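Observations on the model geometry
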Amino acid sequence: MIRKLTQNDHDIVLSFLSEEPSINLFIIGDLEVFGYDSDFQEIWAEFDKHGEIKAVLLRFYQSFIPYAKGEFNVDKFVSIITSFPRPFFLSGKSDIVEKFEVFQELQLGKKQETFFAECKSTESLGETNLDIKKATLNDLDQILAIRKSIDEFQIRDDAAEMLRTSMETNTARSYFTEEDGQMTACVSTTAENSISAMIVGVCTRKEYRRKGLATAIMQKLFKDVLNEGKVLCLFYDNPEAGRIYKRLGFKDIGKWTMYR
């Protein structure tokens, strides 16, 4: 049986998702912030014959995230997705979302696969004497400016609005270094919820690279988040970046696939 969930189901769905808190941080975070009754967000669950959840499908605007433990009714989830206007954006744990590739009616876009890693301990984190600051809304323009200075980053047109909303709802934070009033390096979280947080936006201005600024910021930020009892996670597809993250205590836990 598949049905749409309500606030009354929150405890059972959170218990289901919390067995893999890093993989499910987007679903958990969206449910905690936006709940079950908004026009732009819904979640469905498939139940087994014992009434236990075996799979879920979250819709956030036109973006869908499935999650399952074992086999699930992919056909029915596809029917739910295609009942909404195109385009569809699909993302999630690679071995789950790849089950949707055979459905031509989804017209999935470009596929991007990245490594997914998590960190649960501060044991590998060193100390830093650098002056590291926590950003406020007054620093929003500088955060976007430094991100735009990075060739590899793709900044959305609504990035400023999204970042402001995330900071105001405490689902994101940014730490940074500066020199002569200019932000020199920055690291952020996103999709923060009660049990996990995603690391994003690791960036350093070109003229300040190779000085360990981003690593020092990560040490500070990671400790603060981990000491709050949360699990840290991140995507990476650059082997060099992966080696840095692993020195800081991250371990690969799977792969994440996005269709855009």
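Attention in this report is confined to the structure presented alongside it. These numbers come from a predicted model, not from an experiment.

Our focus in this paragraph is the layout of surface pockets. Using a probe with the size of a water molecule, rolled over the atoms, empty space left in the structure can be pinpointed. A volume near 150 Å³ is recorded for the second largest pocket. Around the second largest pocket sit Lys134, Ala135, Thr136, Leu137, Met167, Asn170, Ala172, Arg173, Glu192 and Lys230, which together line it. Taken together, the residues of the lining of the second largest pocket break down into 4 nonpolar, 2 polar and 4 charged.

Most of strand S2 (residues 41-47) is tucked away: 7 of the 7 residues are buried. Where burial is concerned, the two faces of S2 agree: the one with Gln41, Ile43, Ala45 and Phe47 and the one with Glu42, Trp44 and Glu46 are both buried. Relative to strand S3 (residues 53-60), S2 is paired through 7 bridges, and the arrangement is antiparallel. The partner of glutamine 41 across the bridge, within S3, is phenylalanine 60. With antiparallel pairing between neighbouring strands as the criterion, S2 and S3 make up a hairpin whose turn holds 5 residues, including glycine 51 at a positive phi of roughly 85°.

Parameters and conventions
- Every chain is numbered independently, its residues counted from 1 as its sequence is written.
- Confidence filtering applies because this is a predicted model: local features only for residues at pLDDT of at least 70, side-chain atom pairs given and counted only at 80 or more, and all residues used for totals across whole chains, interfaces and linings.
- Here the side-chain values reflect all heavy atoms present in the structure, with hydrogen atoms and water set aside.
- With a 1 Å grid laid over protein atoms only, a set of points is called a cavity when a 1.4 Å probe fits there but cannot get out and a pocket when it is open yet has protein on both sides within 12 Å along at least five of seven lines; lining residues have an atom within 4 Å of a point.
- Grid points are joined across faces, edges and corners, and a volume is the space filled by probe spheres set on the points.
- In this classification, the charged set is Asp, Glu, Lys and Arg, the nonpolar set is Ala, Val, Leu, Ile, Met, Phe, Trp, Tyr, Cys and Pro, and all remaining amino acids, among them Gly, are polar.
- For every residue, the accessible area (1.4 Å probe, protein chains only) is compared with the maximum for its type, and the residue is labelled buried under 20%, exposed over 50%, or partly exposed between those bounds.
- Secondary structure elements follow DSSP: runs of H or I of four or more residues count as helices, runs of E of two or more count as strands, with numbering from the N terminus.
- In this scheme, strands are said to pair when DSSP sees at least two bridges between them.

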